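An overview of the molecular structure
Now for the letters of each chain:
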Amino acid sequence: MKSRFKTTILILSICFAIPFMTVACKAGVSVANASTLANDNKYVVHKVAQGETSYSIAKKYDVDLKDLYKLNPSAEQSIHLGQELVIPVIKKVEYKSHKPKKSETVYSISKEYDTTVEEILNLNPKLGTDGLKEGKSIKVPVVSYQKVKNPAKPSTTTAGASKATTHRVKPKETLYSLSKEYNVTIDELVAANPQLSEGLKTDMIINIPQAGNNTTATEIAQAITKEKTNNKKESVIKLGVMLSFLDKSGNPNQRYVEYYEGMLLAIDELKKKGHSLEVYTFDLGAEDNTKKLKDLLSTSDIADLHIIIGGSSNEQIGLLANYANEKDLKYIIPFPAKSDALALNSNVYQVSTSHSILYPKIVDLFVDTYSSDNIILINDKSNNEKSDLLNLLKAKCKQKNIAVKEVQTGTNFDTSVRQALSNSKRNILIPSSSSYSMLTRALAVAKAANLQDAMYDISLFGYPDWQAYKQLYADMQRFNTSIYSSFFVPNNDKTKQFDSKYMNAYGKEMMNTFPKYAMLGYDTGIFFVTAISRYGKDFEDNVNKMWFIPIQTAFHFVKNKNNGYMNDGLYIVNFNSLGVERTDKSK
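Thresholds applied
Residues numbered from 1 in each chain as written. Predicted model: local features only at pLDDT ≥ 70, side-chain atom pairs only at ≥ 80, totals over all residues. Heavy atoms only, no water. Buried < 20%, exposed > 50% of the residue type's maximum accessible area, 1.4 Å probe, protein only. Helix = DSSP H or I, 4+ residues; strand = E, 2+ residues; numbered from the N terminus. Pairing = 2+ DSSP bridges. Expected span 1.5 Å × (residues − 1). Contact = heavy atoms within 4.5 Å. Salt bridge = Lys/Arg side-chain N within 4 Å of Asp/Glu carboxyl O. Polar contact = N/O pair within 3.5 Å; in protein donor to acceptor, adjacent residues only side chain to side chain. Core = buried A, V, L, I, M, F, W, Y, C linked by side-chain atoms within 4.5 Å. Axes fitted to C-alpha atoms, helices over the stretch in contact; angles between N-to-C directions. Parallel < 35°, antiparallel > 145°, perpendicular 65-115°, else oblique. Nonpolar A, V, L, I, M, F, W, Y, C, P; charged D, E, K, R; others polar.

**Side note on the pairing of strand β13 (residues 374-379)**
In terms of burial, β13 is largely enclosed, as six of its six residues are buried. Neither face of β13 is exposed, since Asn374, Ile376 and Ile378 on one face and Ile375, Leu377 and Asn379 on the opposite face are all buried. Here β13 runs beside strand β15 (residues 426-431); their pairing, made up of five bridges, is parallel. Each residue of the ladder has a partner; that of Ile375, found in β15, is Ile428. Two strands pair when backbone bridges link them, and β13 and strand β14 (residues 404-408) are joined in this way by five bridges, in the parallel orientation.

**Thoughts on helix α12 (residues 314-327)**
Here α12 contains 14 residues, and its C-alpha end-to-end distance of 20 Å stays within 8% of the 20 Å for a straight helix at 1.5 Å per residue. For α12, every residue scored as buried is listed here: Gln316, Ile317, Gly318, Leu320, Ala321, Tyr323 and Ala324.

**Considerations on the environment of Arg168**
In this fold, Arg168 is placed in strand β6 (residues 166-168). In sequence terms Arg168 and Met204 are 36 residues apart; their C-alpha atoms lie 5.6 Å from each other. Dropping the residues within four chain positions of it, Arg168 is found in contact with Glu173, Asp203, Met204 and Ile205.

**Side note on unusual backbone geometry**
Following Phe514, the chain continues to Pro515 via a peptide bond in cis, the omega torsion being -5 degrees. Structurally, Pro515 is set in the loop between α19 (493-506) and α20 (517-535). We note that Asp328 has phi near 55 degrees; this positive angle belongs to a residue other than glycine. Looking at Asp328, the relative accessible area reads 40%, which means it is partly exposed. Positive phi, close to 45 degrees, is recorded for Asn480, a residue that is not glycine. Take Asn480: it is sitting in the loop between α18 (473-478) and β17 (481-485).

**Re the environment of Gly462**
Along the chain, the position of Gly462 falls in strand β16 (residues 457-462). Among the residues examined, Gly462 registers a relative accessible area of 0% and is labelled buried. Spatially, the C-alpha atoms of Gly462 and Thr481 are 7.6 Å apart, while their sequence positions differ by 19 residues. Setting aside chain neighbours within four positions, we find Gly462 in contact with Ser482, Ile483 and Tyr484.

**Focus on the pattern of salt bridges**
Enumeration over the complete set of coordinates arrives at 15 salt bridges. Ionic pairing is found between Asp268 and Lys272, a salt bridge with its closest N-O pair at 3.5 Å. With Asp268 and Lys272 both in helix α10 (residues 254-272) and four residues apart, this pair spans about one turn of that helix. Lys394 is the partner of Glu406 in a salt bridge, and the nearest nitrogen-oxygen pair spans 3.4 Å. Residue Glu406 is found in strand β14, and its partner Lys394 is found in helix α15 (residues 387-399); the two are separated by 12 residues along the sequence. Given the relative accessible area of 41%, Glu406 is considered partly exposed. Look at the salt bridges and you will find they share partners, linking Asp328, Lys330, Lys537, Asp538 and Glu540 into a network.

**Examining the side chain of Thr524**
Position of Thr524 among the secondary structure elements: in helix α20. At a separation of 2.7 Å, a polar atom in the side chain of Thr524 contacts the main-chain carbonyl oxygen of Leu520. In this structure Thr524 touches Tyr259, Ile309, Ile332, Val351 and Phe555, once residues within four positions along its chain are discounted.

**Thoughts on the nonpolar core**
Ranked by internal contacts, the top residues of the largest apolar core, which has 52 residues, are Leu393, Leu429, Ile430, Ile458, Leu460 and Tyr484. Of the residues forming this core, the biggest block, eight residues, is contributed by helix α14 (residues 355-370). Beyond its immediate sequence surroundings of up to four residues, Leu429 is in contact with Ile376, Ile378, Leu421, Ala442, Val445, Ala446, Ile458, Ser459, Leu460 and Phe461.

**Description of α20**
Its 19 residues give α20 an end-to-end C-alpha distance of 27 Å, which sits within 8% of 27 Å, the value for a rise of 1.5 Å per residue. One or two steps after α20, the chain reaches Gly536, where phi turns positive at roughly 85 degrees.

**Regarding the sheet that holds β13**
Taking strand neighbours across the sheet as the criterion, the seven strands line up as β14-β13-β15-β16-β17-β20-β21 in an open arrangement whose pairing is mixed. The open sheet has two edge strands, β14 and β21 (579-584), and neither has a second partner. The mean angle between the axes of side-by-side strands here comes to 25 degrees, regardless of whether they run parallel or antiparallel. Packing of α15 onto the sheet brings it into contact with β13, β14, β15 and β17, and relative to β13 it is tilted by some 150 degrees. Seen against the sheet, helix α16 (residues 413-420) touches β13, β14 and β15 and runs at an angle of roughly 165 degrees to β14.

**Some thoughts on the packing of α19 against α20**
Where α19 meets α20, the axes come as close as 12 Å, and the angle between the chain directions of the two elements is 105 degrees. One element, α19, and the other, α20, form an angle in the roughly perpendicular class. Taking contact as the criterion, the partners of Thr495, Phe498, Asp499 and Tyr502 in α19 are, on α20, Ala518, Met519 and Tyr522. When its residues are assigned to classes, the contact of α19 with α20 shows five nonpolar, one polar and one charged.

What follows is the structure, encoded as structure tokens:
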């Protein structure tokens, strides 16, 4: 299969500018129909210019974005240069006199009054022969627009006939098909149904926002965008990606290559949403190599970057953190690291955080959820790498006067577990290890207990590693198993779309790793470019305000006690009889 993207990495740099406008799509309203509506004097036809987005056009005419989308359905996905959009406004033209100043031109005056050179020349025929003269008044048009209340959708599109407030999801239905059936946007559906962040499921009951609803996801997005900040927005975002595409042995580092491939997909999507990007990619050589990076940092090639993502070793991360501190730019560490970079620079963001740092948050979530249950810790002295977490959990439970029982693996293990079980409470089994063998042993003892006495209500609580044991999912679902994790890939439409995009782009499947590096690259690229685009390069006060549903990565940044920011985003993933559900517990 021919790939859309070529992922060969050049040693020095790859620089490519992303055009501001999006790719061509089918227009929602035909040109002929657009002209007809415009003649109605309640609509104007706007031709998309370079650099314009749906939001900027709606703002220009002071109309609601949802009303623009109602008349131009395809604009919700993308707009393109030269596309004609129908705007639901009444156009009013008045005229005034303008005295040209020194150095003014007909062109500059046309821009001041948001008109065209041709219109000014038509109003002032002598300009064609006498030219523009300082202080000699000319006639200029002043255009104003008045909103059309509840603009009708043109007959060339299908209006939603239903005003139902709820809908039971049928097999094979998607958010897209439902949005078309009810004449609402996908954003509006998601805004009305927070549970959709985990995907659409058969028999799910969802709310359907009615046409004309005052509060929509689109309007929320506008409100967020209009939020008053002192940050300077960047018209062109300059992103540097700096990775070691070779491992310490000099072989291609497939994980970093896949991470970069996912980021390219994010860049492609951001381009289609109207972001203007310049992306510079640098191969830093082998993971333990710092020479190339030191040489790079001593040049002016990267002096104008707004954000750097990368660093593959503690040494590289330290150098990049120092550089970001000197140049006052944002630096994103995408992979786990033991560097002191967070302490060195308040501009540093650590995406992949050690789970041990998250233990206090995990313990608090556990206690809030299971405080009234019968908690049983399963200890194996030879297999207990989670002892730090369990010790913290026991201390918290003691502080809250919550009883915790402990059983040891060994000869009488099954008997000990049955003796610890309660038939009047839900029983929560927590093994001392995330290993496959400990999970299978915990599931086996749960099965054995219920074979002898089916009255026990048994659930398991465990670890991120368990999501890799797909052959055990059926048993995990049987015992209502929950795990914590910073990464989890749900089986929903968004995941399937990404899988398809990746296959189409690169002609291969992603590696079976945890986390999936292409998805990590995609999520990270979307998150931070959107943050800069929305709030400017000093986005730290607003970084947790963005409405964004990642494919895999939980995002929530807290300031490190020393300086920088670390990601304490967290999911609780529940395996139950209905399937697998991911809940974001980051905030």
